[in-house]
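Chain residues, written in single-letter form:
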Amino acid sequence: MNVILLGAPGAGKGTQAKELAARRGLVQLSTGDMLRGAVKAGTEIGKKAKAIMDRGDLVPDEVVVGIISERIDQPDCANGVILDGFPRTLEQASALDRVLTEKRKKLDAVIELKVDDSKLIERIVGRFTCAKCGEGYHDRFKRPQVRGVCDVCESTEFTRRPDDNAETVTRRLMVYYRETSPLIGYYYCKGNLKSVDGMAEIPDVLASLEAALDARK
Ligand code: AP5
Ligand code: MG
């Protein structure tokens, strides 16, 4: 099953994609995580992407399409993927259609996570991540059970994304409305869009997503 999770910055795509992928034997493909990996590794793509990401703009379409096209071919993706943060422009959406057709795969569902703008900013500025295993947390909404210790790997080191500050968040939201929100209409017209209330508590959003995926069978 191949699924797209659509949603604004901070809507909960990463949080939900990780859990859904684990429950359904799928692979989470987050272009944001892959690009951050490239920045950290100092690759050519990473060097070009860093400044663009830091200011909250989009990395060129051909770069992310190339990354996804290559990754989706790997054997662990045979059972299906959850696309988190891709596609993000109409050009990327058409390229994805072409890539899937060429690879004889299909898109099974597109689910939009709906969250109010004021909530998005609150979620992003409070986000932090375990530096060792990447588990995501929030200052208010998802704290580690023991303060300062990761629930998953017990590391005591955490990081915050350089683009998770109030100014860049506003820019990312503007880019979302201009470039990515037209995809809601695109997938609605293709007949595979579903919407889920992303304002609920994390486990409740997960339950709604599971129900939306089951309902399409
Ligand atoms: P990316 O990493 O994709 O960032 P984003 O889209 O801005 O989304 P986020 O990762 O910020 O939010 P999320 O929806 O994953 O929320 P999360 O689950 O973490 O992209 C970063 C950059 O890379 C882009 O700006 C661009 O430059 C580049 N890029 C990436 N893909 C690209 C592409 N396809 N094309 C071009 N450029 C690309 O949740 C946020 C916080 O809220 C967490 O702390 C979490 O614990 C908390 N939370 C989650 N759900 C809930 C809930 N239900 N209730 C309360 N708190 C919650
Ligand atoms: Mg994310």
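Above this text is the structure in question.
Residues numbered from 1 in each chain as written. Chains lettered and ligands numbered in written order. Predicted model: local features only at pLDDT ≥ 70, side-chain atom pairs only at ≥ 80, totals over all residues. Heavy atoms only, no water.

> What is the right way to read helix 1 (residues 13–24) from this model?
Counting along an α-helix, one turn takes 3.6 residues, and residues three or four places apart therefore face a common direction. Look at helix 1: 16 Å from first C-alpha to last across 12 residues, which is about the 16 Å you get at 1.5 Å a residue. Buried within helix 1 are the following residues: Lys13, Gln16, Ala17, Leu20 and Ala21. For helix 1, the angular spread of the buried residues around the axis is 130°, confining them to a single face. Across helix 1 from its buried face, at more than 90 degrees, point the exposed residues Ala22 and Arg23. Looking at the buried positions of helix 1, the neighbouring elements they touch are strand 1 (3–6), strand 2 (27–30), strand 3 (81–84), strand 4 (109–114) and helix 9 (202–215). Positive phi appears at Gly25, one or two residues downstream of helix 1, with a value of about 65°. (Helix = DSSP H or I, 4+ residues; strand = E, 2+ residues; numbered from the N terminus. Expected span 1.5 Å × (residues − 1). Buried < 20%, exposed > 50% of the residue type's maximum accessible area, 1.4 Å probe, protein only. Arc of directions from axis to C-beta. Contact = heavy atoms within 4.5 Å.)

> Just to check I follow, could you spell out the site of ligand 1 for this structure?
Every one of the 34 residues lining ligand 1 counts as a neighbour, but Thr15, Asp57, Arg88, Arg127 and Arg172 are closest to it. Surface burial for ligand 1 is 95%, taken as the share of its 1,000 Å² of free accessible area covered by protein chains. If you list the elements that add at least two residues to the shell around ligand 1, you get helix 1, helix 2 (31–41), strand 6 (136–138) and helix 9. Per-element accounting of the shell around ligand 1 gives the leading share, four residues, to helix 2. Class assignment of the residues belonging to the shell around ligand 1 gives a composition of 14 nonpolar, 10 polar and 10 charged. (Near = heavy atom within 4 Å. Areas by Shrake-Rupley, 256 points an atom, 1.4 Å probe, with all protein chains shown as cover. Nonpolar A, V, L, I, M, F, W, Y, C, P; charged D, E, K, R; others polar.)

> Can you help me understand the sheet that holds strand 6 in this one?
The strands that make up a sheet are held in pairs by hydrogen bonds between backbone atoms, and each pair lies either parallel or antiparallel. Read from one edge to the other, the open sheet built from three strands follows the order 6-5-7, with strand pairing classed as antiparallel. Because the sheet does not close on itself, it has two edges, and the strands there are strand 6 and strand 7 (158–159). By the bridge criterion, three bridges tie strand 5 (residues 127–130) to strand 6 in an arrangement that is antiparallel. Note that in strand 6 the partner of Phe128 across the bridge is Tyr137. (Pairing = 2+ DSSP bridges.)

> Any chance you could explain the pattern of salt bridges here in plain terms?
Oppositely charged side chains can pair when the atoms bearing their charge come close. For the structure shown, the criterion picks out 24 salt bridges. Salt-bridge contacts for Glu135 lead to Lys142; the nearest nitrogen and oxygen are separated by 2.9 Å. Here Asp163 ties to Arg161 by a salt bridge, and the two come within 3.0 Å at their closest N and O atoms. Accessibility expressed as a relative area gives 8% for Asp163, which makes it buried. Overall, Arg161 belongs to the partly exposed group, its relative accessible area being 21%. A network of salt bridges, in which partner residues are shared, links Glu19, Arg23, Arg24, Glu210 and Asp214. (Salt bridge = Lys/Arg side-chain N within 4 Å of Asp/Glu carboxyl O.)

> I tried to follow the packing of aromatic side chains on my own but got confused; where do I start?
How two aromatic rings sit relative to each other is set out by the distance from centre to centre and by the angle between their planes. Counted according to the given criterion, the structure contains five aromatic pairs. Ring geometry for Phe128 versus Phe158: centroids 5.4 Å apart, planes at 80°, classification edge-to-face. Of the two residues, Phe128 sits in strand 5 while Phe158 sits in strand 7, which places them 30 residues apart along the sequence. Ring centres of Tyr176 and Tyr177 lie 5.3 Å apart, and the angle between their planes is 75°; on these two criteria the pair is classed as edge-to-face. Tyr177 sits in the partly exposed class, given a relative accessible area of 41%. (Phe/Tyr/Trp six-rings, centres within 6.5 Å; stacked < 30°, edge-to-face > 60°.)

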